[in-house]
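Residue-level structural notes
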Amino acid sequence: RRGYVEQCVFSVSRIIDEIENEPEYGDWFVLCRTNAEIEDMMTVLKRCNIPCDSFKKSELDKGELNAKMKENTVKVLTIHSAKGLENKNVIVTGGGNVAMDVARVLLRCNNNVTICYRRDMENAPSSKHEINLAKEEGVKFKECISPVSLIMDNELLKGIKFEKMDLVDDQIGR
């Protein structure tokens, strides 16, 4: 047996409560690795009636970017497109050097930052030095979880199904 996956339900209500308890939706970023993750997150937020927006800052001029940043919406962006932007509460997905770099920069701007990764940080592609620096600076980490699907009830989001990931040795060392 090489390992197993345990499914567990992670209540989105806590995440939604966190966002809704913040008086300004515009104080939130959700950073994703891929455009598919952005689409999934936008769907969740819209179903919860949380105003959200996504954009590529490289496609906006300075005035348009400033206007977008002033909007009272949760910004859902890729890690790369968010570099150089600031917000109060940020979730970064991934375990690479870019994720560590973005998390540390955002933390230094007085943001609450959490990195979510499907493996443990020991097996992350980021250098150990970058991970240690992020931990020392106060970045929070959620390890060994991977989203699988949304749990819906009459078009309302009730939760997200996550798989608890167990690490196994394989031929490529992951």
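Refer to the structure presented above.
Residues numbered from 1 in each chain as written. Predicted model: local features only at pLDDT ≥ 70, side-chain atom pairs only at ≥ 80, totals over all residues. Heavy atoms only, no water.

Of all 5 residues in strand β2 (residues 28-32), 5 are buried; the element is thus mostly enclosed. Side chains Trp28, Val30 and Cys32 of β2 all project onto a buried face; the interleaved residues Phe29 and Leu31 project onto the opposite face, where all are buried too. As paired strands, β2 and strand β4 (residues 74-78) are joined by 4 bridges and run parallel to one another. When the sheet's bridge partners are listed, cysteine 32 is paired in β4 with threonine 78. (Buried < 20%, exposed > 50% of the residue type's maximum accessible area, 1.4 Å probe, protein only. Helix = DSSP H or I, 4+ residues; strand = E, 2+ residues; numbered from the N terminus. Pairing = 2+ DSSP bridges.)

Among the nonpolar cores identified, the biggest contains 23 residues, and Leu31, Val92, Val113 and Val139 are the most heavily contacted of them. When contributions to this core are tallied by element, the ones reaching two or more residues are β2, β5 (89-93), α5 (97-108), β6 (112-117) and α6 (128-137). Among the elements that take part in this core, α5 stands out by supplying 6 residues, more than any other. Membership of the second largest hydrophobic core comes to 13 residues, among which are Met42, Leu45, Val74 and Val76. (Core = buried A, V, L, I, M, F, W, Y, C linked by side-chain atoms within 4.5 Å.)

Another point: the pairing of strand β7 (residues 140-143). Relative to β7, β6 runs parallel, the two being bridged by 4 bridges. Within the sheet, the bridge partner assigned to threonine 114 lies in β7 and is lysine 140. Once you follow β6 into α6 and on to β7, the crossover reads as right-handed. (Right-handed = clockwise from strand over helix to strand, strands pointing away.)

Taken in spatial order, the 6 strands of this open sheet run β3-β4-β2-β5-β6-β7, and their pairing is parallel. Looking at which strands have only one partner, the edges of the open sheet turn out to be β3 (52-53) and β7. Each of β2, β3, β4 and β5 touches helix α2 (residues 35-47); the most contacted strand, β4, lies at about 165° to it. (Contact = heavy atoms within 4.5 Å. Axes fitted to C-alpha atoms, helices over the stretch in contact; angles between N-to-C directions.)

The next thing to look at is unusual backbone geometry. At asparagine 49, a position not held by glycine, the phi torsion is positive, near 55°. Mapped onto the elements, asparagine 49 comes out in the loop between α2 and β3. In this structure asparagine 49 comes out as exposed when scored by relative accessible area, which is 66%.

Here α5 is 12 residues long and its end C-alpha atoms lie 17 Å apart, about the 16 Å a rise of 1.5 Å per residue gives. Listed in full, the buried residues belonging to α5 are Ala99, Met100, Val102, Ala103, Arg104, Leu106 and Leu107. Residue asparagine 110 follows α5 closely and has a positive phi angle near 65°. (Expected span 1.5 Å × (residues − 1).)

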